[in-house]
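Residue-level structural notes
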Amino acid sequence: MERIDNTKSNFTEEHKYLLAKKRVEKIKGFYIHLAVYIVVNIFISAIIIYGLTNDSDGEYGFTGAITHFGTYSTWLFWGIGLFFHWLGVFGTNLFFGKDWEKKKIEKYMQDH
């Protein structure tokens, strides 16, 4: 009987480890996505600002280039995708997550 319990315990621990590892990989993937988002968008914005300020028409000065929608459009639309990636990794329950639920259940079980 002890061997069965020990095997079950080992399986449970291994299962928990694999789930935790998968969760950490998802979080790591999100942070890599965030870093790429920041670096690439800074580069794209710099190119757009440079292009607008050095245009042969001279239509945009630096202030005009900074406030141009094209400068921030990539940030906005890619940011929407990044937001959904964040939701997929961290979930939609910002205030009432699994940890909160687990703690409340344990509290009520101890109280009664």
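Residues numbered from 1 in each chain as written. Predicted model: local features only at pLDDT ≥ 70, side-chain atom pairs only at ≥ 80, totals over all residues. Heavy atoms only, no water.

**Quick look at the overall build of the protein**
Put simply, the test is: Numbering of helices and strands runs from the N terminus, with a helix taken as a DSSP run of H or I at least four residues long and a strand as a DSSP run of E at least two residues long. Exposed residues in this analysis have more than 50% of their type's maximum accessible area, buried residues have under 20%, and partly exposed residues fall in between, with area computed by a 1.4 Å probe over protein chains only. Any two residues whose heavy atoms approach within 4.5 Å at even a single point are treated as in contact. Here, Shrake-Rupley sampling with a 1.4 Å probe gives the accessible areas, and only protein chains in the shown set may cover a residue.
Per the secondary structure count, the protein includes 4 helices and 0 strands. Reading the secondary structure of the protein in the N-to-C direction produces α-α-α-α. Buried positions account for 12% of the 112 residues belonging to the protein. Relative to all contacts within the protein whose residues are 6 or more apart in sequence, the contacts with residues 24 or more apart total 60%. Accessible surface computed for the protein: about 9,400 Å², of which carbon and sulfur atoms make up 65%.

**Things to note about helix 3 (residues 69-90)**
How we decide: Expected helix span is taken as 1.5 Å per residue step, with the number of steps being one fewer than the number of residues. Note on bend: the value at a residue is the angle between axes fitted to the seven residues ending there and to the seven starting there.
If you check helix 3, its first and last C-alpha atoms are 30 Å apart, about what 22 residues at 1.5 Å a residue would give, namely 32 Å. A bend of about 25 degrees at Gly79 is the largest found in helix 3. Among the residues of helix 3, Gly70, Thr71, Ser73, Gly79, Leu82 and Val89 are the ones counted as buried. One or two steps after helix 3, the chain reaches Gly91, where phi turns positive at roughly 85 degrees.

**Quick look at the confidence of the model for the protein**
Formally: For every residue, the pLDDT score states the predictor's confidence, bounded by 0 at the bottom and 100 at the top.
In the predicted model, the protein carries a mean pLDDT of 85, and the fraction of residues at 70 or more is 86%. No element of the protein has a lower mean pLDDT than helix 4 (residues 98-111), at 75, and none a higher one than helix 3, at 94.

**Considerations on the packing of aromatic side chains**
In plain terms, the rule: Only centres within 6.5 Å qualify two rings of Phe, Tyr or Trp (six-membered ring in Trp) as a pair; their planes then separate them into stacked at under 30 degrees, edge-to-face at over 60, and tilted for everything else.
All chains considered together, the criterion is met by 9 aromatic pairs. On the basis of an interplanar angle of 80 degrees and a centroid distance of 6.4 Å, the ring pair of Phe69 and Phe77 is categorised as edge-to-face. Neither residue differs from the other here; Phe69 and Phe77 are each classed as exposed. With a centroid separation of 5.6 Å and an interplanar angle of 70 degrees, the aromatic rings of Phe83 and Phe84 are classed as edge-to-face. Members of the aromatic cluster, joined through ring pairs, are Phe30, Tyr31, Phe83, Phe84, Trp86 and Phe90.

**With respect to the side chain of Ser45**
For clarity, the cut-off: For the purposes of these results, a polar contact is taken to be a pair of N or O atoms within 3.5 Å, where, inside protein, one atom must be able to donate a hydrogen and its partner to accept one; residues adjacent in sequence count only when each atom of the pair is a side-chain atom.
In this structure, Ser45 sits in helix 1 (residues 2-53). Reaching out from Ser45, the side chain makes a polar contact with the side chain of Trp75 at a distance of 2.6 Å. Those residues in contact with Ser45, other than ones at most four positions away along the chain, are Thr71 and Trp75.

**Describing the environment of Trp86**
Within the secondary structure, Trp86 sits in helix 3. Separated by 60 residues in sequence, Trp86 and Lys26 place their C-alpha atoms 9.7 Å apart.

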